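In case you want the letters, here they are:
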Amino acid sequence: MRAIVVRSFGATPELAELPVPEPSAGAVRVQLEAAGVNPFDQKMANGILDGKLPHDFPMILGVDGAGTVSSVGPGVTGFAVGDRVVGKFLVPPVGHGSFAEYSVLPENATLVRIPEAVPTVAAAALPTAGVTAQDIVDATKIEPDQTVLIIGATGGVGSFLVQLANMAGAHVIATARGAAADQMTRLGAAETVDYTRGPIAEQIAAAHPDGVDVLFDLVSPPEALAELTALVRDGGTVYSTIWAADEQALRDRGIKGGNIESSGRAPELRRLLDRVAEGDVVVPIDVTVPLSQAAAVIGAAGARGKTVLAI
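Keep in mind it's a predicted model, so treat the numbers as computed, not measured.

What about the overall build of the protein chain?
Counting secondary structure elements, the protein chain contains ten helices and 17 strands. By the compact-globule yardstick of 19 Å for 311 residues, the protein chain fits well, its C-alpha radius of gyration being 20 Å. On the principal axes, the C-alpha backbone points of the protein chain span a range of 60 × 40 × 35 Å. Taking all 311 residues of the protein chain together, the buried fraction comes to 52%. Of the contacts formed within the protein chain by residues at least 6 apart in sequence, a portion of 64% connects residues at least 24 apart. With an accessible surface of roughly 13,300 Å², the protein chain has 50% of that area assigned to carbon and sulfur atoms.

The following block contains the structure:
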């Protein structure tokens, strides 16, 4: 089978031919049709999990994937051959990911059936970015009419955050280049701040002198995040997805939140899929590329929404 692999940490991802895996007891094999690309894929290739989890090389990259169950191992009761499924293909040992024609994972991993109304390509874009956004909104407990500022709103997580915060009744302010303003409006942003027109903090302070209630920051390093945190009212909420928050400084001001890492599994993914099936959440796919071109998009920046590999 074809797969995108790295042969050592830090190596350039490449297309390789590997044996088709067979499912062991309690595991299922998925014939993948699409795989979502995330910033974490490049981090995984660079060894972010080295020393934390065992790895196999050549290491097949990819966490998010969707396709059809093609084989089940002994004892599997939750899935059957022919089921259309989506999940997170990151289980130890690391290196048997979704950037491949086939992958195997335990049936009790983050793996769920795809509702009939959800296209497979759309489902593949959901597990990491969509569930992360849902986890953040759930943790924040947004109240209607609160003002929510989203830094990095055009990316995968940000595109879902805009929608979910709007659904919770918030007044959403999204940061994006001017050309993406229409997209942000369609997703539910009440305002878009063009970060190319001057410092975000100055623009927000001028438009909202009383501050904002919630800050979701997906991109800013610690010093920039500290500056933006000054926009948040005492008692508000700040979350960073890249571990840039000074949590003690937040507590000193009575600000909730801090650094967050998604812990959502199958139940959360199933709930998000239901929202997509009902038409409440749109999956913003920026571009779909063939598996053979995966190396060109892994680690690439600047996408508006999600990049998906067609396998």
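A word on the sheet that holds strand 2 (residues 14-17)
In space, the four strands of this open sheet follow the order 2-1-4-7, with mixed pairing throughout. Among the strands making up the open sheet, the edge pair consists of strand 2 and strand 7 (94-96). Ignoring which end each strand starts from, the neighbouring axes of this sheet average 50 degrees apart. The sheet contact formed by strand 4 (residues 55-60) and strand 7 spans two bridges and is parallel. Considered in strand 7, the bridge of His-55 is made with Val-94.

Concerning unusual backbone geometry
A cis amide bond, omega -5 degrees, links Phe-57 with the succeeding residue Pro-58. Along the chain, Pro-58 falls in strand 4. Cis geometry is found at the peptide bond from Pro-92 to Pro-93, where omega equals -5 degrees. You can see Pro-93 is positioned in the loop between strand 6 (84-88) and strand 7. Phi is positive for Trp-243, close to 60 degrees, though the residue is something other than glycine. Structurally, the position occupied by Trp-243 is in the loop between strand 14 (232-240) and helix 8 (247-252). Trp-243 gets classed as exposed once you look at its relative accessible area, which sits at 52%.

A closer look at the packing of helix 3 (residues 129-140) against helix 4 (residues 156-167)
Where helix 3 meets helix 4, the axes come as close as 8 Å, and the angle between the chain directions of the two elements is 45 degrees. Relative to helix 4, helix 3 is oriented oblique. For the element pair helix 3 and helix 4, the recorded crossing hand is right-handed. Between helix 3 and helix 4, the contacting residues are Ala-129, Gly-130, Thr-132, Ala-133, Gln-134, Ile-136 and Val-137 on the first element and Gly-156, Val-157, Phe-160, Leu-161, Leu-164 and Ala-165 on the second. Broken down by class, the residue content of the contact of helix 3 with helix 4 amounts to nine nonpolar, four polar and no charged.

With respect to the pairing of strand 13 (residues 212-217)
Within a regular beta strand, the side chains point alternately toward one face of the sheet and then the other, so they alternate between its two faces. The buried fraction of strand 13 amounts to six of the six residues, a majority that puts the element mostly inside the structure. Of the pairings in the sheet, the one linking strand 13 to strand 14 comprises five bridges and is parallel in character. By the bridge assignment for strand 14, Leu-215 is matched with Val-238. Regarding the hand of the β-α-β motif, the stretch spanning strand 13, helix 7 (residues 222-229) and strand 14 is right-handed.

About the thresholds
- Residues numbered from 1 in each chain as written.
- Predicted model: local features only at pLDDT ≥ 70, side-chain atom pairs only at ≥ 80, totals over all residues.
- Heavy atoms only, no water.
- Helix = DSSP H or I, 4+ residues; strand = E, 2+ residues; numbered from the N terminus.
- Rg over C-alpha atoms; globule rule 2.2 N^0.38 Å.
- Buried < 20%, exposed > 50% of the residue type's maximum accessible area, 1.4 Å probe, protein only.
- Contact = heavy atoms within 4.5 Å.
- Areas by Shrake-Rupley, 256 points an atom, 1.4 Å probe, with all protein chains shown as cover.
- Pairing = 2+ DSSP bridges.
- Axes fitted to C-alpha atoms, helices over the stretch in contact; angles between N-to-C directions.
- Parallel < 35°, antiparallel > 145°, perpendicular 65-115°, else oblique.
- Left-handed = near helix turned anticlockwise from the far one by under 90°.
- Nonpolar A, V, L, I, M, F, W, Y, C, P; charged D, E, K, R; others polar.
- Right-handed = clockwise from strand over helix to strand, strands pointing away.

Without other data, these values stay purely geometric and don't point to any function.
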